[in-house]
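Residue-level structure breakdown
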Amino acid sequence: LGQIVEEWTGRPLPEVAADRLFDPAGMNATRVRDDQGDLDPGQAQGYRDDGGGPEPVTSSWRQTGDGAVHTSVTDLLTWAGLFTGSPEAGGAGSARWREQMLTAGAVPDGKDGYGGGLVMSDDGGQPTVSHDGSWAGVSSALIIDVDSGTAVAVACNLEGVDATGIGEDILD
């Protein structure tokens, strides 16, 4: 994704994402990192516990895209507000944007729809939109109950914690 964006715009993905998505949405703690080295100020250290107590987990993998969006629970809820609040006039949060983001494509298992980086499911008559991820001792999940407009954001800094399960339990 990073290479495609840079080829198309002439600018790296982190700059484009900040200028065109995160900053206009008011997501001030969110950025795409292309270097997973030192922690940013305020960023939680990820940990792993293999039975001997928590140990810091780091990564020196240089990547842009999967696992490279660093955010906060507050910014995840700001993102959720683009789906639950009154539609914006244009851009992110507009009726057209929501329709595109919530249009599911075909998935091999046929269970849940996936579109715009979001999983759309209808678990027991409760339609939800969600996205989760994990990287280097950190896991997170954002789950939005479509009918009520309720959103739950979970962030954990211990590897192996089921952030999605925690979010689903809270939403229930």
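Structural data are supplied above this passage.
First, a word on what this report is: a plain description of the structure on this page.

**Section: the side chain of Ser139**
- Position of Ser139 among the secondary structure elements: in strand β8 (residues 138-145).
- In this structure the side chain of Ser139 is engaged in a polar contact, spanning 3.2 Å, whose partner is the backbone oxygen of Val161.
- Ignoring anything within four residues of it in the chain, the contact list for Ser139 reads Gly133, Ser134, Val154, Ala155, Cys156, Val161 and Ala163.

**Brief notes about the pattern of salt bridges**
- Taken as a whole and assessed by the stated rule, the structure comprises three salt bridges.
- Where Glu15 meets Arg11, a salt bridge forms, and the shortest distance between an N and an O atom there is 3.4 Å.
- Among the residues examined, Glu15 registers a relative accessible area of 39% and is labelled partly exposed.
- Note that Glu159 is salt-bridged to Arg48, the shortest N-O span being 2.7 Å. Of the two residues, Glu159 sits in the loop between β9 (150-156) and α5 (163-171) while Arg48 sits in strand β2 (residues 46-48), which places them 111 residues apart along the sequence.
- The partly exposed category is assigned to Arg48, whose relative accessible area is 33%.
- Here the salt bridges share partners, and the residues they tie into one network are Arg11, Glu15 and Asp19.

**Side note on the packing of aromatic side chains**
- All told, the structure shown has three aromatic pairs when counted by the stated rule.
- An angle of 75° between the planes, with centres 5.9 Å apart, marks the rings of Trp79 and Phe83 as edge-to-face. With Trp79 and Phe83 both in helix α3 (residues 73-84), this residue pair falls four residues apart, about one helical turn. In this pair, the class of Trp79 matches that of Phe83, namely buried.
- Pairing Trp79 with Trp97 gives two aromatic rings, centres 5.5 Å apart and planes at 90°, and the pair type is edge-to-face. Residue Trp79 is found in helix α3, and its partner Trp97 is found in helix α4 (residues 95-101); the two are separated by 18 residues along the sequence. Considered together, Trp79 and Trp97 belong to a single accessibility category, that of buried residues.

Scoring rules and cut-offs
Residues numbered from 1 in each chain as written. Predicted model: local features only at pLDDT ≥ 70, side-chain atom pairs only at ≥ 80, totals over all residues. Heavy atoms only, no water. Helix = DSSP H or I, 4+ residues; strand = E, 2+ residues; numbered from the N terminus. Polar contact = N/O pair within 3.5 Å; in protein donor to acceptor, adjacent residues only side chain to side chain. Contact = heavy atoms within 4.5 Å. Salt bridge = Lys/Arg side-chain N within 4 Å of Asp/Glu carboxyl O. Buried < 20%, exposed > 50% of the residue type's maximum accessible area, 1.4 Å probe, protein only. Phe/Tyr/Trp six-rings, centres within 6.5 Å; stacked < 30°, edge-to-face > 60°.

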